[in-house]
Amino acid sequence: MSASAAAGVKMVAAHPCISASQGMLASRAAVSRIETTARFASCPKICCSRPLSSKRAGFVVRAMSGESTPQGLPIDLRGKRAFIAGVADDNGYGWAIAKALAAAGAEILVGTWVPALNIFETSLRRGKFDESCKLPDGSLMDIVKVYPLDAVYDCPEDVPEDVKSNKRYAGSSNWTVKEVAETVKNDFGSIDILVHSLANGPEVTKPLLETSRRGYLAAISASSYSYVSLLQHFLPIMNPGGASISLTYIASERAIPGYGGGMSSAKAALESDTRVLAFEAGRKGKIRVNTISAGPLGSRAAKAIGFIEKMIEYSYVNAPLQKELLADEVGNTAAFLVSPLASAITGSTVYVDNGLNTMGLAVDSPTITS
């Protein structure tokens, strides 16, 4: 998940599978609050013994005795298990989604790009993410298990020798999509929620006319086909009635100068695939499939495109809602989409960008202001 960026795509300049929580950009990096917790009056208190230990298994999130009777219309994901592909730090959309799902009661598993695995797990164990792990009830989000993942490779046979021998992959095993799905099945049996928060465009800073075939196909492979592969391999272990979401960006349908390397094409493919996968997964496994078109977030990964701050400023000035877009808001939307409250929503692209997608003119344009 490297370099794919642009207003709603989180990427990591180095490689496709690192948390490209797509919508990358919103000046607030760490996500420490989830404001619409449904004020989770109905949400359980989260029991969290310091993060994970990748050897840990079993439910960690459970309702505590003495909890008051839920009131209102809560987002309740207690008893649900979520696998979030593409989390490698605490400041992107993938992390925000994990927090929202945890606040609603879901058990959290994550897939982290192999070269970033050690740093991520070490930071969790040492409490470096404790502040951004805080949930609305004051407890800390507990990530039950972290899996090494490189979604560019479907199975061991696909991995080239130079990657196998790369020291950044040393010490890790079973990290292709097929192997991760099998390991999750062995560890937990099944999941209910699948989140794709990955993107990578090795040539994202190049105009499309200057993008090589290799760079273009790499963007498609890491940013869109990776979702097809994840759903293909995880669908057999998803419980009927479950849901899956991905993250896209408005460049799929509008020209965004500077968002190159084939990333706009990858996002367009992702949205088209969302509709087809919604039909196929719906008929085959009763699974709903949606994608969130997120506005710009100032994540580390998003900085790969080089002008994230300008994109955030443009959005602030021109969107109908003139306010900062928070990663929390994308996380809250994700929690809604995978919950029973969205039981009839599938195959949709849901915009979480303060309404910028509705604008046909830039109100700060010199032509308009004059």
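Above: the structure in question.
Going along each chain's sequence as written, the residues are numbered from 1 onward. Residue-level local features of this predicted model are given only where pLDDT is at least 70; pairs of side-chain atoms are given and counted only at 80 or more, and the full residue set underlies all totals for whole chains, interfaces and linings. Derived side-chain values reflect all non-hydrogen atoms in the structure, with water molecules and hydrogen atoms excluded from consideration.

**Structural notes on helix 7 (residues 263-285)**
- What we call the bend at a residue is the angle made by axes fitted to the seven residues finishing there and the seven residues starting there. A run of H or I in DSSP becomes a helix once it reaches four residues, and a run of E becomes a strand once it reaches two; helices and strands are each numbered from the N terminus. At Leu277, helix 7 is deflected by roughly 25°, the largest bend along its length.
- Its buried side turned inward, helix 7 meets helix 6 (213-234), strand 5 (238-248), strand 6 (288-294) and strand 7 (349-352).
- Among the residues trailing helix 7, Lys286 stands out with phi positive, at a value near 55°. We call two residues in contact whenever any of their non-hydrogen atoms come within 4.5 Å of each other.

**A word on the sheet that holds strand 5**
- Taken together, 7 strands build an open sheet; the order of strands is 3-2-1-4-5-6-7 and the sheet is parallel. Each edge of the open sheet carries a strand with a single partner, namely strand 3 (143-149) and strand 7. Going across the sheet, the axis of each strand differs from the next one's by a mean of 20°, ignoring polarity.
- Relative to strand 2 (residues 107-113), strand 1 (residues 81-85) runs parallel, the two being bridged by 5 bridges. By the bridge assignment for strand 2, Ala85 is matched with Gly111.
- In this fold helix 5 (residues 177-188) packs onto strand 1, strand 2, strand 3 and strand 4 (191-196), with an angle of close to 155° to the strand it touches most, strand 3. Any two strands are treated as partners once DSSP identifies two or more bridges connecting them. Axis definition: a line fitted to C-alpha atoms, limited for helices to the stretch in contact. Angles are taken between N-to-C directions and run from 0 to 180 degrees.

**Description of the nonpolar core**
- Core analysis: the biggest nonpolar cluster contains 44 residues, and Trp95, Leu101, Ile108, Phe120, Ile143 and Ile292 have the highest contact counts within it.
- For this core, the element with the highest residue contribution is helix 1 (residues 93-103), accounting for 9 residues.
- Listed in part, the 29 residues of the second largest apolar core include Val144, Leu231, Ala281 and Val289. Among buried residues, the Ala, Val, Leu, Ile, Met, Phe, Trp, Tyr and Cys ones that are joined through side-chain atoms within 4.5 Å form a nonpolar core. Accessibility here uses a 1.4 Å probe with only protein chains present; expressed as a share of the type maximum, an area under 20% marks a residue as buried, one over 50% as exposed, and anything in between as partly exposed.

**Some points on the pairing of strand 5**
- The buried fraction of strand 5 is high, at 8 of 11 residues.
- Sheet topology note: the strand 4/strand 5 ladder contains 5 bridges and is parallel. The partner of Ile191 across the bridge, within strand 5, is Met238.
- Every crossover in which the path from the first strand over the helix to the second runs clockwise, viewed with the strands pointing away from the viewer, is termed right-handed. Each parallel crossover has a hand, and the one from strand 4 via helix 6 to strand 5 is right-handed.
- The pairing of strand 5 with strand 6 spans 6 bridges and is classified as parallel. Counted as the bridge partner of Ile245 is Asn290 from strand 6.

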